[in-house]
Amino acid sequence: MLKLFRGSKLLSLNIKSSYYCNLDHLEIIMVSHKNMVRSLDSSKLQLTKNMCTESGKALELKYPLQYKYLETCKSTYSAINIDVMKHLEKNENAFKGHRNAPFVGVSAKLMVSYLDTAEKKEDFKKPVVLLMHGSPDCHKSFLPIVDALAPHARVIIPNIPGYGFTDIDKEERFQHSLSEITEMISDLLHALNVRRVDLAVGHSAGCFPLLLLCSVSQQPKFHAAAFMNPVGHRPWKAVRPLYKLALVNAMWSKPWLRWLLRLIFARIVTALGIGGNPESLIYTIRTILGVPLSSIPSLLVRIDVMNLPILVAYGDNDRFIEAEITAEFGKLLGVEEWQIVERENCEQDKLDQSTRQRLY
């Protein structure tokens, strides 16, 4: 079942019997909502359910990763260090000497892996589509979409540290907080000389940095946003209670416990059929814990006021998040009504899942 709202600025979807929004839903973004990206001739796009004909390996060879060295998160770490200094000034006994104070350094030194379809000079003149993966996930989930968009747009997909060949920095300063992820993506776009993003798409936890980038970023400027299966603005069923995630994160900090957690993570990944590196689950946990959920509603309302073209798509029977939480997410973005449309081919859900498994 498809819940569809279409107006001057919103096109919101609710896909029943599909917990993983991918091919069908971006088809609707790029084809049905023609005004979302004005400079992209969406009438020429033919995204179909059969577009995922190439194997994952073939697509990986067709769209190889690139690498960019970044010293990133300087603003985030500077703010943290200033707060630590202020705390020390107020309470000199807060830490046992400055050596034990929780300073985080100056920057995170990362070799960021990313996908960028711009090769020829004319590619740099195309509209820019930024895709942000969820957690645990990486650029591979978007490869069939990249294959369809590449002739018409410059597609960029950054991989967050711990995913898709972007390694964690040696000092392990990068803790996957919302501000760190957002600043890393922003720094990468600046390094690639991207001054305008015509459409940004966030999937799952990738919607969090998308919110911050759209509501705060002045350079590059974001002109449209799509939220695919967004995680909640309040704790959802897959992460409640949050103290359990905090406990797992604390256990990971003990090297002698990591072997046990790796075994548990491997079983979870196998049971869920999500693919990828089992160890990436700890980065997922840190991502969730690093998001100030209380501030998300204000970001949603801010984007509503900005009148950005917006799309929200989510699964009605998502295994990880309640539909009502995502509906609230949409309402905060300005969705006022939902039109229910029957979906013809529910077998596409199985195709989406089998495709996802082939990409890993």
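In what follows, the structure referred to is the one given above.
Being a predicted model, the structure only gives us computed values, none of them experimental.

Undergrad: Talk me through the overall build of the protein; I want residue IDs and the actual numbers.
TA: On a plain count of helices and strands, the protein comes out with 12 helices and 12 strands. Split into buried and exposed, the 360 residues of the protein put 54% on the buried side. By element, 54% of the accessible surface of the protein is carried by carbon and sulfur atoms, the whole surface being about 16900 Å².

Undergrad: Kindly report on the environment of R234, identifying the contributing residues and their values.
TA: Its place among the elements puts R234 in the loop between β10 (225-228) and α7 (242-252). The partly exposed category is assigned to R234, whose relative accessible area is 33%. Spatially, the C-alpha atoms of R234 and S295 are 9.9 Å apart, while their sequence positions differ by 61 residues. Ignoring anything within four residues of it in the chain, the contact list for R234 reads L293, I325 and E328. Polar contacts involving the side chain of R234 include one to the side chain of E328, which spans 2.9 Å.

Undergrad: Got a sec to walk through the nonpolar core? Specific residues and values, please.
TA: Buried together is how nonpolar side chains tend to be arranged in soluble globular proteins. Ranked by size, the top nonpolar core spans 64 residues in total, and within it L130, F174, I185, F227 and W236 carry the most contacts. The contact partners of W236, leaving out residues within four places of it in the chain, are F208, V231, I288, L293, F320, I321, E322 and I325. Core analysis: the next-biggest nonpolar cluster, separate from the first, contains 22 residues, I145, A153, V155 and M228 among them.

Parameters and conventions
- Residues numbered from 1 in each chain as written.
- Predicted model: local features only at pLDDT ≥ 70, side-chain atom pairs only at ≥ 80, totals over all residues.
- Heavy atoms only, no water.
- Helix = DSSP H or I, 4+ residues; strand = E, 2+ residues; numbered from the N terminus.
- Buried < 20%, exposed > 50% of the residue type's maximum accessible area, 1.4 Å probe, protein only.
- Areas by Shrake-Rupley, 256 points an atom, 1.4 Å probe, with all protein chains shown as cover.
- Contact = heavy atoms within 4.5 Å.
- Polar contact = N/O pair within 3.5 Å; in protein donor to acceptor, adjacent residues only side chain to side chain.
- Core = buried A, V, L, I, M, F, W, Y, C linked by side-chain atoms within 4.5 Å.

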